[in-house]
Amino acid sequence: MWETVASRILRNRIAILITLGLITAFMLYQAQFVKLSYEFGGFLPKDDITYQEHQSFINTFGMDGNIVVLGIDGKEIYQKENFTAWYNLGNDLKQISGIDSVFSIAHLYNLHKNEEKKRFDLEPIVKNQPESQKEIDEYKKTIESLPFYRGLLYNDSTKASLMMIFVNAEKFNSENRGDVIERLTARVAQFEGDFTQVHYSGLPYIRTVVSKRVQKELLMFVMLAALVTSLILYIFFRSFKIVLFSLLVVGIGVVWSLGTIALLDFRLSMLMGLIPPLIIVIGIPNCVFLLNKYHQEYVSHGNRIKALVRVITKIGNAIFLTNLTTALGFATFIFTSSRKLREFGVTASLNILGVFVIALLVIPIVFSYVSVPKSKQIKHLKRSWLKNVIESMTNIVQFNRKGVYLVTLLLLFIGAYGISLLKISGNIVDDLPNGDEIIVDLRYFESNFNGIMPFEILIDTGKKGQAIKSKNLKKIEKLQKVLLEYPQLSKSVSIVDAIKYAKQAFYNGKESKYKLIGSSEKSFIAPYLKQKKGKKGIGSVFLNEDKSIARINAQVADIGTIEMQELFNELRPRIDEIFNPEKYKVISTGTSVVFLKGTTYLVKNLRISLLIAISLISMIMFLLFKSWRIVLISLIPNLIPLFLTAAIMGYFNINIKPSTILVFSIVFGISVDDTIHYLAKFRQELIAQDWYIRGSVIKAIEETGVSMVYSSIILFFGFGVFVASHFGGTRAIGVLSSMTLLIAMLTNLVLLPTLLLTMERYITKKSFKEPLFQILDEEDDMDMDKLKIKDLKKN
C-alpha cells in the first residue's frame, strides 16, 4: 500500500501542490468568517434538569445576567458636582445602542399614589439635571427613605454606590454586539478623570473582555509556537530550509483549522482557541520524524529519491497511526454531552489528521526539489550529547532494572497521597489570575454587596393566583430573611418587596409602613394594585402570568462548585421547612448555578472520555500487535505519567476543573505515539534478530530514541508556550501537558524496555502474531533504483 502511496506522491508533485494551494486558499477565505463565542458555560446537555429549569426560567422571566454593573466609592456622591456627573453619565450611557436602561441613585423611580385614578404612578425621582445642592439634598432624603433600594443600589455602611446598566440580552449573546462595551468604557473613563475610580463587573462585561483576550491570545500563541518550534528545529537540524518548510506545513494546518471552525459554524472560545497552536505543536514532530528518517536513509545510500520513497514506505504507516491515536485522544470529547467539547473534539481530531496529510505530502515533495542535505545538517544523527542520553538509557535498562522498579514504586506511593488531596472546583472567573482587574473589581462588589452573579429561586405553588396569597407572601418573606444570613448572597428582592413598596407609597412614603399589607388594609389598598388592561402591574417582574410562580432575585459571590454545593445543602432543608415539598416546588437556578453545575457535569464526562480514549487506543494496539500482553505492558508507561501528574496537581493545590482535566485525554493520545514507534521497531527487530529479546530491546531504543527525544523536546516547549496565557486554565494545560509528556518520554524509553526485558520469558512468537496491517516495513525493499521520477525541469 505505502509503496503505491509513495509512487503517487512523487509522480504527481505539481498536481498535489496545486491542489493543496487551492484548498488552503479556500480555507484562508473561510477563516475570515470565524466568530467569537460570547457565552459562559454551554457544558450542560439539553436533557439535563438544571439546564431545563434555567430555560424554563428564561422563557417565563427573560434572560438573567444581562446587567453591566459600575461601582464607585459614594462617600461624596451627593455633592452637586459629583451627583450631576453621575446623572449625566447614566443619561449618556442610555443613548448607546444595545443598552436598554440605566438604574442608579440618580436614575431611580418612586411610586406615587394617584387618588383620583386609584392607582400608583411610577415617576423618576430625578427628572432633570439638578440645579442646586439643596435640590440634591432633597433627593438624598427621598432615596434614603426607600428601603426597597437600600443594599441594592448603595451600601449604607461603606457608602459604595452602583449603577446597573441593562443591556439587550439577545444582542450581547451574538456577534452583533458591536462596540457597546468599548463605547461604554470610553464614556466612563471621562467620568473617572473628573471624579473617582469606577469598578466594572457583570456577565456581559466579563464575557466581552474575556472574548477579546481570547482573540488576542490566539495570534500570540500561534506566533510563540512557531517561534519556539523554529528555534528548536534549527538547533536540531542547523538548516533554515528545514525550519521554513516545516513552518509551511504547520502554517497550512493552522489555516485549515481556522477554516474548519468557520465552515462548521463553530465559535472561537477559550477552548477552541487552543487548536491552531496545538496544530503547530503536534504537526512539527511529524516533520521531525519524516526528516530524521530522510537523513538516515540519505546517509545510508546517498540516493535522494530512494530516501524519500523509503521515508513514506517505512514510517508513513507508523506516523499515520501515531496521529490517529492523538486524534482519538481529542475525538473522545465527541462522546460527551457537552456541545462545546464535541465541537472541540471534532475540530481538533479532523485537523490533526489533516496536518499529518499535509506533512506526508509537502515534506517529500519539497525535499525532492531542494538540494540534498549538507554534512552540517545531518550532524544531529551523531550528536554526542544525544548519543550519551540514549546510551545512559540503554545502560539503565540493561543493568539497573531493580532501580527502575524501585523508583517507579516510590513515585507511585508518593503520588497516591497527592491524588488523595485532589479537589473538584470551578468558578465563573476561575481561569483569571488573582491580580486581574476583573477579579479585583469582582471582589470589590462582593465586599460591598456580597455578590454580583445571577442567582434565582422560583417558588411554584401549582395553582393560579396562589403566589400572591397572604400565607405564601409571608413564607417568601421568611425565606428572604433566611437568605440574609448567608454572606455569599446579596440582598434579595421579590413580590414581597414590591408589595411593601406599594404600601409605603400608599401612606405617602412613610418609611415605617414598608411592610406587607395587613388583612384590615386590603380593602382600601387593593384597588391601587389592580393590573390595568394592557399594562404590567406592581411587581409583575417577580410573578409569572397566572401568578402561580413567584421569583426571588438575588446575586451570589463567585464561589466554587464545592462552596456552591455546600450552600445548596444548607439551604435545601431550610427551604423545605418553609415550603412543604409536597405542596410547593422550589428550585434554585440562574446563570451562576448552571455554570457551576455544568463544571461538575463536565468533569464527570471528561473522566468518561479518558476511559474511552484508553479503551479505543488499547483496541488499536491490539490490532497492531495481536497480543493483550503487549497491550497491558504498553499501557503502564502511559498511565503512570497521568497518575503522577494528578499527584502533582494534588500537592500543588491545582483543582480538577474543565481546563485541567482536559490534559489527561489530550496527553494520553500523544504519549502513546512514542509507545507505538518503540514497539513497532521492537517487533521489526525481533524478526530481524530471530527473536533475540535483549538485542531487540536495545536496538529499538537506539533506533527510535533520537526521534522520540526530539519530538518530546518540541512538545515540551511547544505546550510550554501556553504558560504565557492570561488565563490560568490555559497555563495549567501548558504546564501539566509539558510535564506529563516529558515523564511519558522517560517511561517509554526506560520503563517500557525494562518491562519487556522482565517479561522476556513470556514474549514469544505467539505474543506477536501477524498484525492486521504492518506498521513498519518488515520485508525486503522494492528495487528503488529502478524507480524513476520525471525531471520536471526538462518540460
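Basis of the calculations
- Sequence positions are assigned chain by chain, starting from 1 and proceeding in written order.
- Totals for whole chains, interfaces and linings use every residue, but because this is a predicted model, local features are given only for residues with pLDDT of at least 70 and side-chain atom pairs only at 80 or more, for both listing and counting.
- The basis for every side-chain value is the complete set of non-hydrogen atoms in the structure, without hydrogens or water.
- Note on geometry: axes are lines fitted to C-alpha atoms, helical ones only across the stretch in contact, with angles between N-to-C directions running from 0 to 180 degrees.
- Strands here are runs of E lasting at least two residues and helices are runs of H or I lasting at least four, both read from the DSSP assignment and numbered beginning at the N terminus.
- Should an angle lie under 35 degrees it is considered roughly parallel, over 145 roughly antiparallel, and from 65 to 115 roughly perpendicular; all remaining angles are considered oblique.
- Less than a right angle of anticlockwise turn of the near helix away from the far helix marks a crossing as left-handed, whereas a clockwise turn marks it as right-handed.
- Here, two residues are considered to be in contact whenever any of their heavy atoms come within 4.5 Å of each other.
- Residues are grouped as follows: Ala, Val, Leu, Ile, Met, Phe, Trp, Tyr, Cys and Pro are nonpolar; Asp, Glu, Lys and Arg are charged; all remaining types, including Gly, are polar.
- The term salt bridge refers to a pairing of a side-chain nitrogen on Lys or Arg with a carboxyl oxygen on Asp or Glu at a separation within 4 Å.
- Buried residues are those whose accessible area, probed at 1.4 Å on protein chains only, stays under 20% of the maximum for their type, while exposed residues exceed 50% and partly exposed ones sit between those limits.
- A pair of strands is considered paired only if DSSP assigns at least 2 bridges between the two.
- Each pair of aromatic rings taken from Phe, Tyr and Trp, with Trp reduced to its six-membered ring, is defined by centres within 6.5 Å and is described as stacked if the planes are under 30 degrees apart, edge-to-face if over 60, and tilted in the remaining cases.
- We count a charge as sitting over a ring when the NZ of a lysine or the CZ of an arginine lies within 6 Å of the ring centre and within 35 degrees of the ring normal.
- Here, expected helix span is obtained from the residue count minus one, scaled by 1.5 Å.
- Here the bend at a residue means the angle between the axes of two seven-residue stretches, the one that ends at it and the one that starts at it.
- The term nonpolar core refers to a set of buried residues drawn from Ala, Val, Leu, Ile, Met, Phe, Trp, Tyr and Cys, joined through side-chain atoms within 4.5 Å.

Visitor: Sorry if this is basic, but what is going on with the packing of helix α13 (residues 384-399) against helix α23 (residues 693-720) here?
Guide: Packed helix pairs are specified by the crossing angle of their axes together with the interaxial distance, meaning the distance between the axes. At a minimum axis distance of 10 Å, the contact between α13 and α23 shows a crossing angle of 135°. The angle between α13 and α23 places the two elements in the oblique class. In this structure, α13 crosses over α23, and the sense of that crossing is right-handed. Packed against α13, whose contacting residues are W385, L386, I390, T394, V397 and Q398, the element α23 presents R694, V697, I698, I701, E702, G705, V706, V709, Y710 and I713 at the interface. Considered class by class, the residues forming the contact of α13 with α23 number eleven nonpolar, three polar and two charged.

Visitor: How should I be thinking about the environment of R401 in this particular structure?
Guide: For R401, the position within the fold is in helix α14 (residues 401-420). Along the sequence, R401 and P753 sit 352 residues apart, while their C-alpha atoms lie 9.6 Å from each other. In this structure, R401 is in contact with I396, R694, T754, L757 and T758, ignoring residues within four places of it in sequence.

Visitor: Just checking my understanding: could you explain the pattern of salt bridges for this structure?
Guide: Opposite charge on two side chains allows them to pair when their charged atoms are near. Under the criterion given, the structure shown has 20 salt bridges. Across the salt bridge formed by R187 and D92, the nearest N and O atoms sit 2.8 Å from each other. Pair noted here: R187 is in helix α7 (residues 180-194) and D92 is in helix α4 (residues 80-94), with a separation of 95 residues, a long-range link. Note on R187: relative accessible area 17%, which makes it buried. For D265, the salt bridge is made with R267, and the minimal N-O distance between the two is 3.0 Å. Taking relative accessible area as the criterion, R267 reaches 26% and is therefore assigned partly exposed. Three or more residues joined by partner-sharing salt bridges are found here, namely R213, D436 and E437.

Visitor: Whenever I open this one, the sheet that holds strand β3 (residues 99-104) confuses me. Can you help?
Guide: Strand pairing within a sheet occurs via backbone hydrogen bonds; the two strands may be parallel or antiparallel. Here we have four strands laid out as an open sheet, ordered β3-β6-β2-β7, and antiparallel in their pairing. For this open sheet the edge positions go to β3 and β7 (199-201), each flanked by a neighbour on one side alone. On average, adjacent strands in this sheet sit at an angle of 20° to one another, irrespective of strand direction. Pairing of strand β2 (residues 67-73) with strand β6 (residues 160-167) involves seven bridges; the strand directions are antiparallel. Its bridge partner lying in β6, V69 is registered against M164.

Visitor: What exactly am I supposed to notice about the packing of helix α16 (residues 470-483) against helix α17 (residues 495-506) here?
Guide: Two elements in contact, α16 and α17, have axes whose closest approach is 9 Å; the angle formed by their N-to-C orientations is 110°. On the basis of their axis angle, the class for α16 and α17 is roughly perpendicular. Of α17, the residues touching α16 (which contributes L473, I476, E477 and Q480) are I495, V496, D497, I499 and K500. Its residues assigned to classes, the contact of α16 with α17 shows five nonpolar, one polar and three charged.

Visitor: I tried to follow the sheet that holds strand β10 (residues 549-556) on my own but got confused; where do I start?
Guide: Sheet architecture is open: three strands sit in the order β10-β9-β11, paired in antiparallel fashion. Edge positions in the sheet fall to β10 and β11 (585-589), since each has one partner strand and no second. The average undirected angle you get between the axes of adjacent strands in this sheet is 15°. By the bridge criterion, eight bridges tie strand β9 (residues 453-460) to β10 in an arrangement that is antiparallel. From the neighbouring strand, L458 faces β10, where its bridge partner is R551. Running over the sheet, helix α3 (residues 49-61) touches β9, β10 and β11 and is turned about 95° from β11.

Visitor: Mind showing me how you'd approach the packing of aromatic side chains here?
Guide: Where two aromatic rings form a pair, the distance of their centres and the angle of their planes describe that pair. Within this structure, the stated rule accounts for 32 aromatic pairs. Both rings, one in F245 and one in F367, keep their centres 5.8 Å apart while their planes meet at 80°; by these two values the pair is edge-to-face. You can see F245 sitting in helix α9 (residues 240-263) and its partner F367 sitting in helix α12 (residues 339-369), a full 122 residues away along the chain. We classify F245 as buried; its relative accessible area is 17%. With centroids separated by 6.5 Å and ring planes inclined at 5°, the aromatic side chains of Y678 and F682 adopt a geometry described as stacked. Of this pair, Y678 and F682 both sit in helix α22 (residues 658-688), four residues apart, which is roughly one turn of the helix. Here Y678 matches F682 in class, with each residue buried. Within the aromatic cluster, the residues linked to one another by ring pairs are F120, F506, Y507, F524 and Y528. Looking at K513, its charged tip hangs above the ring of Y507, at a distance of 4.7 Å from the centre.

Visitor: Just checking my understanding: could you explain the environment of I16 for this structure?
Guide: Structurally, I16 can be placed in helix α2 (residues 13-31). A relative accessible area of 15% means that I16 is categorised as buried. Between the C-alpha atoms of I16 and G598, which are 582 residues apart in sequence, the distance is 45 Å. The residues touching I16, leaving out its near neighbours within four places in the chain, are R8, I9, L361 and I365.

Visitor: I'm lost on the pairing of strand β4 (residues 109-114) in this one. Help?
Guide: When a strand is regular, its side chains alternate between the sheet's two faces. Summarising the sheet, β4 and strand β5 (residues 119-124) pair through six bridges and their orientation is antiparallel. Across the sheet, N110 pairs through a bridge with E123, a residue of β5. Taking the residues that link successive antiparallel strands as the turn, the β4-β5 hairpin has four residues, and the phi of K118 there is positive, at about 55°.

Visitor: Hey, could you run me through α17 in this one?
Guide: Think of an α-helix as 3.6 residues a turn; residues three or four steps apart then line up on the same face. Look at α17: 16 Å from first C-alpha to last across twelve residues, which is about the 16 Å you get at 1.5 Å a residue. With twelve of twelve residues buried, α17 lies mostly within the body of the structure. Those residues of α17 that fall on the buried side of the exposure criterion are I495, V496, D497, A498, I499, K500, Y501, A502, K503, Q504, A505 and F506. As for α17, its buried residues are in contact with β4, β5, α16, α18 (522-529) and β10. In the segment just after α17, N508 is the residue with positive phi, at about 60°.

Visitor: What should I look at first to understand α23 in this one?
Guide: A maximum bend of about 45° is found in α23 at T704. A large share of α23 lies buried, amounting to 20 of its 28 residues.

Visitor: Honestly, the nonpolar core in this entry has me stumped. Any pointers?
Guide: Among soluble globular proteins, nonpolar side chains are generally buried collectively. Ranked by size, the top nonpolar core spans 144 residues in total, and within it F367, Y678 and V697 carry the most contacts. Looking at this core, the element that brings in the most residues is α12, giving 15 residues. Once residues within four sequence positions are removed from consideration, V697 is found in contact with V397, Y678, F682, P753, L756 and L757. Among the nonpolar cores identified, the runner-up in size contains 108 residues, and V180, I476, Y486 and I495 belong to it.

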